[in-house]
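Each chain, written out:
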Amino acid sequence: MPATFSDPIWHKPQMAPGFRSELSSGGTLDVVIVGGGIMGLSTALHAARAGLSVQVLDTGAIGQGASGLNGGQVIPGLKYDPEWLIGHSGKERGEALVEFAASTADAVFDVIRDEKLAVPFTRNGWIQAAHTKTALKAAANRDRQWRLRGAQVELLDQAGIAAMTGARGYLGGWLDRRAGVVDPLSYTLELARVASAAGAGIAEQQRVVKLGKEAGVWRVSTQGGAELRAKSVVLATNAYTDGLLPGLAQTIVPLHSFQIATAPLPADLAASILPGGQAVSDSRRILVYYRKSADGRMVLGGRGRMALPSSPADWAHCERALLRLYPPLAGIAIEKRWFGRVALTPDHLPHLHEPEKGLLAVVGCQGRGVGLMSALGKRMANYLASGDARQLPFPLSPIKPIPFHAFRQIGVAAAITWYRILDAFER
């Protein structure tokens, strides 16, 4: 893949190497975690702090996957509002789920503060921008539900959203002040550093190729010939899930998220665009999301083609969206283009599985992975330490492959094309 197509703007922390890649040898570990993204590292950190012996194995380098490539938006909540969650899950579990959903951004900013992570961040909120009356009505409903729970939220009218974003074309929106932005690569690498300092082993370039169980102990075999033994195994591979656990990859739809970044904005433009430093996602069916980076660039992302990109033209839809929102940026160069893989589940909720005792899997970030997986990792560690399933905000469910999964991505690609057409004509 040419470097120009895998060249994000995010940076490693300006400090000494954060952790040493090391592989455990001998003995039986409490837990092996397959996948060194935010979910795996958050679980490792909190499990190590709880006194468990932990080894993280990652196929590539830490931060090389979606955890280090995403837009860095830290958004609390789930795709669904509190009333839906309670209606769907029942009063007791629903209330617990709403409480968890409200806490996911806190999980990120608390660990940055408490662990003194070297992570550039701003916590001034996230804006859900409405481009139709229907979307604005939905925003008002969401605002009402979260206000009743004491959340720091605000409904924005047309003038308000124009002032906060500097963008064209919105009728209003919703501001959630609990949210913020981080440099996702710094955050991921710093999680690895503090997890390592807490006692977790972290090994890069270690593809796990086989899982087996013998006398109640899991055996984890790597492509390089290493074999680890553990009481529990956590699969935290999400969109990069392969055939290691049969059927798991068929429960998700992996998609590509493409992003662009401009050159640093001139001072006059920077002052009028997102002056408060908020992140934004819009209300379109094929939404775009955007923010300013710590060094003053505009960063915008959205769904990309299903195949790997082959030329800068594959990012043209992102450039069109940027200029639709901000026509004055027409003369500003696009300096960086990159992409990552995300995973969706059919019900737009994370799925937790334990097909055998001590074998756990988590899939489905739904585009909110920074906060969601940070918070879920702590809960997963609590479950590993206690065995109490009440520690988990989502129920443990059976693995149910999506019917006709092989054709699902073809259908998704067609749906994306159709939704883009609808978005173009909708007012």
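What counts and how
- Residues numbered from 1 in each chain as written.
- Predicted model: local features only at pLDDT ≥ 70, side-chain atom pairs only at ≥ 80, totals over all residues.
- Heavy atoms only, no water.
- Helix = DSSP H or I, 4+ residues; strand = E, 2+ residues; numbered from the N terminus.
- Buried < 20%, exposed > 50% of the residue type's maximum accessible area, 1.4 Å probe, protein only.
- Contact = heavy atoms within 4.5 Å.
- Areas by Shrake-Rupley, 256 points an atom, 1.4 Å probe, with all protein chains shown as cover.
- Lys, Arg positive; Asp, Glu negative; His and termini not counted.
- Charge placed at Lys NZ, Arg CZ, Asp CG, Glu CD.
- Arc of directions from axis to C-beta.
- pLDDT = per-residue confidence, 0-100.
- Pairing = 2+ DSSP bridges.

Chemist: Is there a simple way to think about the overall build of the protein chain in this case?
Modeler: Counting its regular elements, the protein chain contains 11 helices and 19 strands. Expressed along its principal axes, the backbone C-alpha trace of the protein chain runs to roughly 65 × 50 × 45 Å. Burial analysis of the protein chain (427 residues in total) assigns 53% to the buried set. Of the contacts formed within the protein chain by residues at least 6 apart in sequence, a portion of 75% connects residues at least 24 apart. Just so you have it, the protein chain exposes about 18300 Å², and 54% of that area is on carbon and sulfur atoms. Taking the average place of the 46 positive charges on the side chains of the protein chain and the average place of its 35 negative ones, the gap between the two points comes to 3 Å.

Chemist: Before we go on, may I ask you to explain helix 9 (residues 316–325) in this structure?
Modeler: Because each turn of an α-helix spans 3.6 residues, side chains separated by three or four positions end up pointing in the same direction. Along helix 9, the residues classified as buried are H317, C318, A321, L322 and L325. Around the axis of helix 9, the buried residues are gathered within 140° of arc, so they sit on the same side.

Chemist: How do you make sense of the confidence of the model for the protein chain when you look at a structure like this?
Modeler: Regions with low pLDDT carry predicted coordinates that are not meant to be interpreted in detail. Averaged over every residue, the pLDDT of the protein chain is 91; residues scoring 70 or more account for 92%. This model gives residues 414–425 a pLDDT under 50, and the stretch forms 10 contacts once residues within four places in sequence are excluded.

Chemist: Looking at this model, I keep getting lost on the sheet that holds strand 8 (residues 180–182). Mind explaining?
Modeler: Within a sheet, neighbouring strands are paired by backbone hydrogen bonds and run either parallel or antiparallel to one another. Read across the open sheet, the three strands follow the order 3-8-4; overall the sheet is antiparallel. The open sheet has two edge strands with one neighbour each: strand 3 (73–74) and strand 4 (121–122). Note: strand 4 against strand 8, two bridges, orientation antiparallel. For F121, the partnering residue across the bridge sits in strand 8 and is V182.

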